[in-house]
Amino acid sequence: MVLGNYKTAVSARAADADILKCSQDGGIVTQLFAYALEEGIIDGAIVAGPGDEPFKPEPIVATSKAELLAARGTKYSISPNMMLIKEATRSYGLDKVGIVGTPCQMQALRKAQLYPLGMRKVPDKIALAIGIFCMENFPYQGLESIVEDHCNIKMESAVKMDIGKGKFSVYTERGALSQIPLGATHKYEQPGCHVCLDYVANLADVSTGSVGSPDGWSTVFVRTKKGEDVWSKAVAAGYFETKDIAGVKPGLDLVTKLATGKIDKNQKTLEERASFGVGKGLRNPYI
Amino acid sequence: MVNKITVGHVHMSGCTGCLVSLADNYEGLFKILDDYADLVYCLTLADVRHIPEMDVALVEGSVCLQDECSVREIKETREKAKVVVALGGCAAYGNITRFCRGGQWNQPQHESYVPIGDLIDVDVYLPSCPPGAEAIRNVCVMAYLLLQGNDDQKALAGAYLKPLMDLAKRGTEACGCDLMVDVINQGLCMGCGTCAASCPVRAITIEYGRPNIDREMCIKCGACYAQCPRSFFSFDVVNQFEGIIEAIDGAMGKGGE
């Protein structure tokens, strides 16, 4: 289950220049939700919108392309998107809900569909769940320390943050780039990430991330019948440029390598937790 | 359909909200009653006066210790039902009835209300106030498969119900504090926001990626902890979500298009 079940894997990017202009990589999430909104596949999507502080995400229910555009790009901090899952079907009255989330949020979503104890009228309204690759996440104060203390950039002047090739990078509005080794960020990770056994959002309908594809492109896994239906229609309608994943560098080998690394490391953490104290352990959420 | 199972709804001190939630499956309730289960006892919907033998007892509400009839009925339920399900926060955890302190006009001595697990062994917990209609439906379908299905279906139903059986063994007290004690204090919270969505009284907000619980508002229904992906999570079950949803839809006569 390193890469989860999937029907197809491709390298892709959005065809819409407006979306690509400020997207993180291939603009897959924004473009796919924009397509699904236009076609009535979803009535709205829960996305990580801009919050009250720079790069602090705030979950919002986006019901227009403009709102989707305002939310594009990755914010490397916690966006509790599941918070709005019931609200979207109630206060917003959506019958077909889109949601984007990290692997743990996809786990929460599918658990909510199968065990909808406090999730009245949610299970059958999930129309499109897009998962994003995720190694770990930072509490907002942690992200601030990384950007302001380590990278020496004010949060307000950052325009984009990026993790790749072993580095954490911050781009500023004046065109400067500040980079630090990814290793320096590890101590700011939230602890809850260290028991996660999923890198590529195995439980999403469609999951995507930059790893495996060239710069400006994203790797896309199409996983479920629902995902396949939406993705194939969007591609056929010309919303995405695609390339065979077998033909791009570094390809799925790198995705497999990173996923295996995350799972092995966190599996080890789970084992260590079992005997963390003297004759006592910490909880394992998976048993 | 042959081999229907028998189900009863046993009403303790509750508001009938859990029964309404069962009924909120609309035509799904008829499907369940047509094909899978006979409702052999239900004060609100069926004219049966005494608790009969049954496969599954769905118990709603907590037990008032000063009400002799309630105490007798919960014991009788345990004796006559193969599987006892605590349907909803009151039966599982006391819920809002935890805050009773007597003072009712004609029965002021009625002041102690306990979850049914304080008096009898309970097999399955379905927390929340009320549990989602779909959750009750899923448990009904799975209980049917467990009792009447083929080997594969029995295995799946057993795996599905196990976490809810484990909840029944975990204890009879629940509160938003469970998130603190068993999730955050254990270094497991990753700030997904599920707890805030599941709280029926909006007592939970997310502050800086972690739940903040307004304890004055918490009614102790157990929804947030049960719904948290880091309380229980079975890869064996959840990884099969697509197939299970299709199977349940199939059993309920939906889908197939």
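Keep in mind the model is a prediction, meaning the values are calculated, not measured.

Basis of the calculations
- Residues numbered from 1 in each chain as written.
- Chains lettered and ligands numbered in written order.
- Predicted model: local features only at pLDDT ≥ 70, side-chain atom pairs only at ≥ 80, totals over all residues.
- Heavy atoms only, no water.
- Helix = DSSP H or I, 4+ residues; strand = E, 2+ residues; numbered from the N terminus.
- Buried < 20%, exposed > 50% of the residue type's maximum accessible area, 1.4 Å probe, protein only.
- Areas by Shrake-Rupley, 256 points an atom, 1.4 Å probe, with all protein chains shown as cover.
- Lys, Arg positive; Asp, Glu negative; His and termini not counted.
- Charge placed at Lys NZ, Arg CZ, Asp CG, Glu CD.
- Contact = heavy atoms within 4.5 Å.
- Buried area = accessible area lost by both parts, 1.4 Å probe.
- Salt bridge = Lys/Arg side-chain N within 4 Å of Asp/Glu carboxyl O.
- Polar contact = N/O pair within 3.5 Å; in protein donor to acceptor, adjacent residues only side chain to side chain.
- Nonpolar A, V, L, I, M, F, W, Y, C, P; charged D, E, K, R; others polar.
- Pairing = 2+ DSSP bridges.
- Axes fitted to C-alpha atoms, helices over the stretch in contact; angles between N-to-C directions.
- Phe/Tyr/Trp six-rings, centres within 6.5 Å; stacked < 30°, edge-to-face > 60°.
- Lys NZ or Arg CZ within 6 Å of the ring centre and 35° of its normal.
- Domains from an automatic or database assignment.

## Overview of the overall build of chain B
So, step 1. Broken down by element type, chain B carries eleven helices and nine strands.
So, step 2. Along the first, second and third principal axes, the C-alpha atoms of chain B reach 50 × 50 × 30 Å.
So, step 3. For chain B, the residues scored as buried account for 55% of the 257 residues in total.
So, step 4. Carbon and sulfur atoms provide 52% of the accessible area of chain B, an area that totals close to 11,200 Å².
So, step 5. Put simply, chain B has 21 plus and 33 minus side-chain charges, and the middle of one group is 4 Å from the middle of the other.

## Brief notes about the interface of chain B and chain A
So, step 1. Contact with chain B, which involves 56 residues of that partner, is made by 48 residues of chain A.
So, step 2. Together chain B and chain A conceal approximately 4,500 Å² of surface at their shared face, both sides included; 56% is due to carbon and sulfur atoms.
So, step 3. Area buried by chain B at its contact with chain A is led by Tyr-208, Gln-227 and Phe-241 of chain B, which between them contribute 15% of it.
So, step 4. Across the contact surface, chain B and chain A share three salt bridges.
So, step 5. Of the charged contacts in the structure, one is a salt bridge between Glu-246 of chain B and Lys-225 of chain A, with a shortest N-O distance of 2.7 Å.
So, step 6. Here chain B is connected to chain A by 33 residue pairs in polar contact (both at pLDDT 80 or more).
So, step 7. Among the elements that line the side of chain B that touches chain A, the one with the most residues is helix α11 (residues 241-251) of chain B, at five residues.
So, step 8. Within the side of chain B that touches chain A, the residues separate by chemical class into 34 nonpolar, 14 polar and eight charged.

## Here we look at the side chain of Ser-70 of chain B
Residue and element names in this part refer to chain B.
So, step 1. Here Ser-70 shows up in helix α3 (residues 68-80).
So, step 2. Exposure remark for Ser-70: the relative accessible area of 8% places this residue in the buried category.
So, step 3. If we ignore the near neighbours within four places in the chain, the residues touching Ser-70 are Met-12, Val-63 and Cys-64.

## Overview of the sheet that holds strand β5 (residues 126-132) of chain A
Picture the strands of a sheet paired through backbone hydrogen bonds; they go either parallel or antiparallel.
Residues and elements named next belong to chain A.
So, step 1. Pairing is mixed in the open sheet, where eight strands are placed in the order β3-β2-β4-β5-β9-β10-β1-β11. Of all the strands in the sheet, the pair left with one neighbour each is β3 (57-62) and β11 (240-244). When the angles between neighbouring strand axes are averaged without regard to direction, this sheet yields 30 degrees.
So, step 2. The sheet contact formed by strand β2 (residues 44-50) and β3 spans six bridges and is antiparallel. Bridging across to β3, Ile-46 finds its partner in Val-61.

## Let's talk about unusual backbone geometry
So, step 1. Residue Pro-250 of chain A follows Lys-249 of chain A across a cis peptide bond; omega there is -5 degrees.
So, step 2. Along the polypeptide, Pro-250 of chain A turns up in the loop between β11 and α8 (252-274).
So, step 3. The omega torsion of the bond from Cys-129 of chain B to Pro-130 of chain B falls at -15 degrees, within 30 degrees of zero and hence cis.
So, step 4. Residue placement: Pro-130 of chain B occurs in the loop between β7 (124-126) and α5 (133-148).
So, step 5. One non-glycine residue with positive phi stands out, namely Lys-165 of chain A, at about 50 degrees.
So, step 6. Along the chain, Lys-165 of chain A turns up in the loop between β6 (158-164) and β7 (167-172).
So, step 7. You can call Lys-165 of chain A exposed: its relative accessible area is 71%.
So, step 8. Backbone geometry places Ser-128 of chain B, a non-glycine residue, at a positive phi of 90 degrees.
So, step 9. The residue Ser-128 of chain B is located in the loop between β7 and α5 in this model.

## Topic: the pattern of salt bridges
So, step 1. Taken as a whole and judged by the stated rule, the model has 22 salt bridges over all chains.
So, step 2. The partner of Lys-56 of chain A in a salt bridge is Asp-52 of chain A, and the shortest N-O contact between them spans 3.9 Å.
So, step 3. A relative accessible area of 64% means that Asp-52 of chain A is categorised as exposed.
So, step 4. Here Lys-233 of chain A makes a salt bridge to Asp-229 of chain A, at a shortest N to O gap of 3.3 Å. Taken together, the positions of Lys-233 of chain A and Asp-229 of chain A, both in helix α7 (residues 225-236) and four residues apart, correspond to about one turn of that helix.
So, step 5. For Lys-233 of chain A, a relative accessible area of 42% puts it in the partly exposed group.
So, step 6. Asp-229 of chain A gets classed as partly exposed once you look at its relative accessible area, which sits at 38%.
So, step 7. Taken together, the shared-partner salt bridges in this structure form one network comprising Lys-162, Asp-166 and Lys-169 of chain B.

## Focus on the sheet that holds strand β8 (residues 177-181) of chain A
Residue and element names in this part refer to chain A.
So, step 1. With antiparallel pairing, the three strands of this open sheet are ordered in space as β6-β7-β8. Lying at the two open borders of the sheet, with one neighbouring strand each, are β6 and β8. The average undirected angle you get between the axes of adjacent strands in this sheet is 15 degrees.
So, step 2. With five bridges joining them, β7 and β8 adopt antiparallel strand pairing. In the strand pairing of β8, Lys-167 is matched with Pro-181.
So, step 3. Against the sheet, helix α6 (residues 140-150) engages β6, β7 and β8, with an angle of about 70 degrees to β7.

## Quick look at the packing of aromatic side chains
So, step 1. Enumeration over the complete set of coordinates arrives at 14 aromatic pairs over all chains.
So, step 2. Counting every residue linked through ring pairs, the aromatic cluster contains Tyr-6, Phe-133, Tyr-199 and Phe-221 of chain A.
So, step 3. For the cation-ring pair, Lys-56 of chain A lies above Tyr-208 of chain B, with the distance from its terminal atom to the ring centre recorded as 4.1 Å.
So, step 4. The ring of Tyr-225 of chain B has Arg-170 of chain B lying over it, and the distance from NZ or CZ to the ring centre is 3.9 Å.

## As for the domain arrangement of chain A
Residue and element names in this part refer to chain A.
So, step 1. Split into domains, chain A comes out as domain 1 (8-137 + 192-276) and domain 2 (147-188).
So, step 2. A straight line from the C-alpha centre of domain 1 to that of domain 2 covers 23 Å.
So, step 3. Each partner contributes residues to the interface: domain 1 has six residues there, and domain 2 has ten residues.
So, step 4. Of all residues in domain 1, Pro-54, Phe-55 and Tyr-76 give up the largest surface area on contact with domain 2, accounting jointly for 60% of the area buried on that side.
So, step 5. Here domain 1 and domain 2 share one salt bridge between them.
So, step 6. Note that Lys-165 is salt-bridged to Asp-215, the shortest N-O span being 3.3 Å.
So, step 7. For the interface between domain 1 and domain 2, the tally reads five residue pairs in polar contact (both at pLDDT 80 or more).
So, step 8. Taken together, the residues that form the side of domain 1 that touches domain 2 break down as three nonpolar, two polar and one charged.

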